[in-house]
Amino acid sequence: YILDATEQVPSNVIVMVPSSVPATDMETNGAGKFLKDDIMPYMSHPRVRGLGEMMRFVDVLEGHRETIEKLEAFSDYIIDGHAPGLTGKDLQGYRAAGVLNDHECATADEVVEKIRAGFHILIREGSGAKNLEQLVNGLMKARIPLDRCLFCSDDRHLEDIETEGHMDNCIRKAIKLGVPPAKAFKIAS
């Protein structure tokens, strides 16, 4: 539906195929599991760039067959992460499985460890989770370049976008924290 609905819009709409529907075995979605065979038809679409939000990081670490099959199928694509609080050897294993980025960092220590583990970090400034200030300050204090960082707005309410802005809000906040303007614009784009 999303691919069809965005075919004629006047902007480039890139799609990440959902990695797990439902997100856990404790949830239902009304349609059953979304397995590798369900994903395969979308992989050849020119606007599909990868696998979105690999939330089931425990399944990745435990080597669950259904999850590993999806990771293997998308090994030449971008695989987005979703691993709040994951550290140490588990974090290394998650990265080694092919997950390239994470948007769930909440603390300075977490963002530093994930950068050092080779992840790209999507610095989130949503409506509920507002992590930009803590993460940018943590990276700058640790003297870690922001080259592997991007801004994201995960779950930003329309009312907040209307009153505070979207990526422009992230840019303004980053500049106030001491990020050079050109770098802030680069992170946002």
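Please refer to the structure higher up on the page.
Procedures and definitions
- Residues numbered from 1 in each chain as written.
- Predicted model: local features only at pLDDT ≥ 70, side-chain atom pairs only at ≥ 80, totals over all residues.
- Heavy atoms only, no water.
- Helix = DSSP H or I, 4+ residues; strand = E, 2+ residues; numbered from the N terminus.
- Rg over C-alpha atoms; globule rule 2.2 N^0.38 Å.
- Buried < 20%, exposed > 50% of the residue type's maximum accessible area, 1.4 Å probe, protein only.
- Contact = heavy atoms within 4.5 Å.
- Lys, Arg positive; Asp, Glu negative; His and termini not counted.
- Charge placed at Lys NZ, Arg CZ, Asp CG, Glu CD.
- Pairing = 2+ DSSP bridges.
- Right-handed = clockwise from strand over helix to strand, strands pointing away.
- Polar contact = N/O pair within 3.5 Å; in protein donor to acceptor, adjacent residues only side chain to side chain.
- Salt bridge = Lys/Arg side-chain N within 4 Å of Asp/Glu carboxyl O.

Novice: Before we go on, may I ask you to explain the overall build of the chain in this structure?
Specialist: From N to C terminus, the chain includes ten helices and six strands. Relative to its length of 189 residues, the chain is compact, with a C-alpha radius of gyration of 17 Å against a globular reference of 16 Å. Considering only C-alpha atoms, the chain reaches an extent of 45 × 45 × 30 Å along its principal axes. Burial analysis of the chain (189 residues in total) assigns 41% to the buried set. Contacts spanning at least 24 positions in sequence make up 62% of the contacts within the chain whose residues lie at least 6 apart. Averaged over its 22 positive side-chain charges, the chain has a centre that lies 7 Å from the centre of its 30 negative ones.

Novice: Which parts of the structure should I look at to understand the pairing of strand E6 (residues 149-152)?
Specialist: Of the pairings in the sheet, the one linking strand E5 (residues 120-124) to E6 comprises four bridges and is parallel in character. From the neighbouring strand, Ile121 faces E6, where its bridge partner is Cys149. Tracing the backbone out of E5, into helix H7 (residues 132-141) and back to the parallel element E6 gives a crossover that is right-handed.

Novice: Explain the pairing of E5 here, please?
Specialist: The side chains of a regular strand alternate between the sheet's two faces. Looking at chain direction, strand E4 (residues 101-102) and E5 are connected through two bridges and run parallel. Of the residues in E5, the one forming a bridge with Asp102 is Ile121. Regarding topology, helix H6 (residues 108-116) serves as the crossover connection from E4 to the parallel E5, and that connection is right-handed.

Novice: I would appreciate a short explanation of the side chain of His103 in the present structure.
Specialist: Turning to its location among the elements, His103 is positioned in the loop between E4 and H6. There is a polar contact of 3.0 Å between the side chain of His103 and the side chain of Glu104. In terms of polar contacts, His103 uses its side chain to reach the side chain of Asp154, at 3.5 Å. Here His103 is in contact with Glu53, Gly81, His82, Leu122, Arg124, Cys152 and Asp154, once residues within four sequence places are set aside.

Novice: Please explain the pattern of salt bridges as it appears in this structure.
Specialist: It is possible for side chains of opposite charge to pair when their charged atoms get near one another. Counting across every chain of the model gives eleven salt bridges. Glu110 is paired through a salt bridge with Lys114; the nearest N and O atoms lie 2.9 Å apart. Placement of both Glu110 and Lys114 in helix H6 is noted, with a separation of four residues, approximately one turn of the helix. The class for Glu110 is buried, based on a relative accessible area of 9%. Taking the relative accessible area as the measure of exposure, Lys114 reaches 1% and is therefore buried. One connected set of salt bridges, linked through shared partners, spans Asp102, Glu110 and Lys114.

Novice: What is the right way to read the side chain of Ser20 from this model?
Specialist: As for its placement among the helices and strands, Ser20 is situated in the loop between strand E1 (15-18) and helix H2 (36-39). Judged by its relative accessible area of 11%, Ser20 falls in the buried class. Each residue touching Ser20, except ones within four places of it in the same chain, is listed here: Met55, Arg56 and Lys70.

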